[in-house]
There are 2 protein chains.
Amino acid sequence: MQQYFVDQATLTLGQVFTIEGDDFHHLVKVMRAKPGQVIQVVAANQVAYAASIQTIDKATCQLQVDQILQDNCLIELPLDVTLACGISKNDKLDWIAQKGTEGGMACLQPLNLKRDVAKWQANKAAKRIERLEKIVKEAAQQSHRRQIPQVNDCLNLIDFIRQVPNQAIKLIAFEETAKVGHHQVLAKTLSQLDLNQEVLPPLVMVFGSEGGLDIGEVEQLQAAGFKACSLGPRILRAETAPIFALGAISYALELSKNGENLL
Amino acid sequence: MQQYFVDQATLTLGQVFTIEGDDFHHLVKVMRAKPGQVIQVVAANQVAYAASIQTIDKATCQLQVDQILQDNCLIELPLDVTLACGISKNDKLDWIAQKGTEGGMACLQPLNLKRDVAKWQANKAAKRIERLEKIVKEAAQQSHRRQIPQVNDCLNLIDFIRQVPNQAIKLIAFEETAKVGHHQVLAKTLSQLDLNQEVLPPLVMVFGSEGGLDIGEVEQLQAAGFKACSLGPRILRAETAPIFALGAISYALELSKNGENLL
């Protein structure tokens, strides 16, 4: 069922609301929805509702809430994951934005790293962020997320380190760690989490661009409390590693917890 | 360090051997390697060697084995994973081939499924397989795999089911399973594996194309012993799911096993 995010903080049964703009275009022109059709909408409270289309005008669509959809398990990861990635060439960051959203990331943080092969020019950065936000929103709708991940402005390493919350779980996906055969840092870190806490700390993981990570930058991050971790014994490309990491994190926190993430 | 696969069953210290063809082109024309440079080669025995370039001719390159490289842990997954995927449009299967190889798959099995949006014409199938094999080989080299994954000819569902080994672990990535909140099938299955066995059974996982899986086909697979499993509560695209699954499998069998996969 097609899903859209709406701006309302919450919705009530029987409430009539409007869809317009890009979502109207997608619903009516692309999906060719008709009156009577039921779609899924998610309000800012992260609750999903089934709503049926009442009327379609030239630029707006009126819907009515039929049902509050109960999730039988948490849709979102139990903690906020930020993927902090060096800038890669072409559409690699688009890929990370899209698949990172499917995989459950809360935030994409582009980073200006030493060995980045590509750089964002200052006058084009705003447009690039806008593009990534569009990709993230569409991916969040398609993967039925309950929140739209954030896309942050690009930061250099020092500024990034400065704004990472103290209590965050801080990791660096660094394959040199893999080479010495220590694959357990991620697992140890995740297994030490008390999943019964009201609010879990956020997890921030740094990934290099296709140029990789500079050892000086890794040491800077380590000095700020980041731990180098491996994503296994095979070398993963810059755009593969974040998605692979989310699969691992999902396995640790969602797929292998017997009933612990049921509401 | 650049890696290439060689045809020799095994190599010995000091042995001189030749690289030619596509690998010669890549090594000499693309990487611009020079005499004295050291590269990594993997023989058919899945052992890696460091070899230095001796001479470069017009179409061949002579190298000498300097060192047998000891892996301090298994590079390959401890069991063979086959990704059996419906045919998606455009280059989605290319993505699965490449990232599946980085993630450690042993085999890519294209499937003709009911809801596939794309089909391979019989006269073009051979060329498509050839292309996927090229992608897989390059990815295996770049990710430093010890074996090149296989790419099988496309099969329809009945023929596929017929040739799956009896002892294989058989799974279907089916999001309807996720909707009822049962996320533990994959974890239960993997945790029941005795990792101390000499040879682990292969794991075969079926994925729909972007058209998804037909419920009749899921039932056919289930009748043949396949278990429907979830890859989490978020909907993953056809090309994301296999990579995400490999991240989960790697977490279960490599990243969270304390020292059990050390040689």
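A quick note: this is a predicted structure, and the numbers were derived from the prediction, not measured.

### A few points about the interface of chain B and chain A
Step number 1: Taken together, the contact between chain B and chain A spans 50 residues of the former and 51 residues of the latter.
Step number 2: Interface area lost by chain B to chain A is led by Arg 234, Tyr 251 and Leu 255 of chain B, which between them contribute 19%.
Step number 3: Applying the counting criterion to the chain B and chain A interface returns six salt bridges.
Step number 4: Glu 102 of chain A serves as the salt-bridge partner of Arg 237 of chain B, at 3.4 Å between the closest nitrogen and oxygen.
Step number 5: Counting every contact that joins chain B to chain A gives 20 residue pairs in polar contact (both at pLDDT 80 or more).
Step number 6: Of all elements in the fold, only α2 (92-103), α6 (185-191) and α8 (241-255) of chain B reach the threshold of two or more residues within the side of chain B that touches chain A.
Step number 7: Counting residues per element, the side of chain B that touches chain A draws most heavily on α8 of chain B, which supplies 10 residues.
Step number 8: Broken down by class, the residue content of the side of chain B that touches chain A amounts to 21 nonpolar, 19 polar and 10 charged.

### Looking at the packing of helix α2 (residues 92-102) of chain A against helix α3 (residues 122-142) of chain A
All names here are of chain A.
Step number 1: In the contact formed by α2 and α3, the axes pass within 8 Å of each other and the chain directions differ by 30°. Taken together, the axis directions place α2 and α3 in an arrangement best described as roughly parallel. Between α2 and α3 lies a crossing of right-handed hand. For the pair α2 and α3, the contacting residues are Leu 93, Asp 94, Ala 97, Gln 98 and Thr 101 in the first and Arg 131, Leu 132, Ile 135, Val 136, Ala 139 and Ala 140 in the second.
Step number 2: Considered class by class, the residues forming the contact of α2 with α3 number seven nonpolar, two polar and two charged.

### A few points about the environment of Phe 160 of chain A
Residues and elements named next belong to chain A.
Step number 1: Here Phe 160 shows up in helix α4 (residues 157-163).
Step number 2: Considering only alpha carbons, one finds Phe 160 and Asn 112, 48 residues apart in sequence, at a separation of 9.5 Å.
Step number 3: Setting aside anything within four residues of it in sequence, one finds Phe 160 in contact with Ala 84, Gln 109, Leu 111, Leu 155, Val 204, Val 206, Leu 221 and Phe 226.

### Quick word on the relation of the copies chain B and chain A
Step number 1: Least-squares fitting of chain B to chain A yields an RMSD of 0.0 Å, with the superposition described by an axial translation of 0.0 Å and a rotation of 180°. Between the two chains, the operation in question is that of a two-fold axis.
Step number 2: Interface residue correspondence from chain B to chain A reaches 100%, placing this contact among same-surface, isologous pairings.

### Points about the side chain of Gln 98 of chain B
Step number 1: Structurally, Gln 98 of chain B is set in helix α2.
Step number 2: Classification of Gln 98 of chain B as buried rests on a relative accessible area of 15%.
Step number 3: For Gln 98 of chain B, the side chain forms a polar contact with the side chain of Lys 99 of chain B, separated by 2.8 Å.
Step number 4: Residues in contact with Gln 98 of chain B, not counting those within four places in the same chain, are Arg 237 and Glu 239 of chain A together with Ile 135 and Ala 139 of chain B.

### Comments concerning the pairing of strand β7 (residues 107-112) of chain A
Residues and elements named next belong to chain A.
Step number 1: With five of its six residues buried, β7 lies for the most part within the structure.
Step number 2: Where strand β6 (residues 81-86) lies against β7, five bridges are found, and the strand directions are parallel. Residue pairing in the sheet places Gly 86 in a bridge with Leu 111 of β7.
Step number 3: Handedness of the β6-α2-β7 crossover: right-handed.
Step number 4: Sheet topology note: the β7/strand β8 (residues 150-151) ladder contains two bridges and is parallel. Considered in β8, the bridge of Cys 107 is made with Gln 150.
Step number 5: Of the pairings in the sheet, the one linking β7 to strand β9 (residues 155-156) comprises two bridges and is parallel in character.

Thresholds, definitions, all that
- Residues numbered from 1 in each chain as written.
- Chains lettered and ligands numbered in written order.
- Predicted model: local features only at pLDDT ≥ 70, side-chain atom pairs only at ≥ 80, totals over all residues.
- Heavy atoms only, no water.
- Contact = heavy atoms within 4.5 Å.
- Buried area = accessible area lost by both parts, 1.4 Å probe.
- Salt bridge = Lys/Arg side-chain N within 4 Å of Asp/Glu carboxyl O.
- Polar contact = N/O pair within 3.5 Å; in protein donor to acceptor, adjacent residues only side chain to side chain.
- Helix = DSSP H or I, 4+ residues; strand = E, 2+ residues; numbered from the N terminus.
- Nonpolar A, V, L, I, M, F, W, Y, C, P; charged D, E, K, R; others polar.
- Axes fitted to C-alpha atoms, helices over the stretch in contact; angles between N-to-C directions.
- Parallel < 35°, antiparallel > 145°, perpendicular 65-115°, else oblique.
- Left-handed = near helix turned anticlockwise from the far one by under 90°.
- Least-squares fit on C-alpha atoms with pLDDT ≥ 70 in both.
- Buried < 20%, exposed > 50% of the residue type's maximum accessible area, 1.4 Å probe, protein only.
- Pairing = 2+ DSSP bridges.
- Right-handed = clockwise from strand over helix to strand, strands pointing away.

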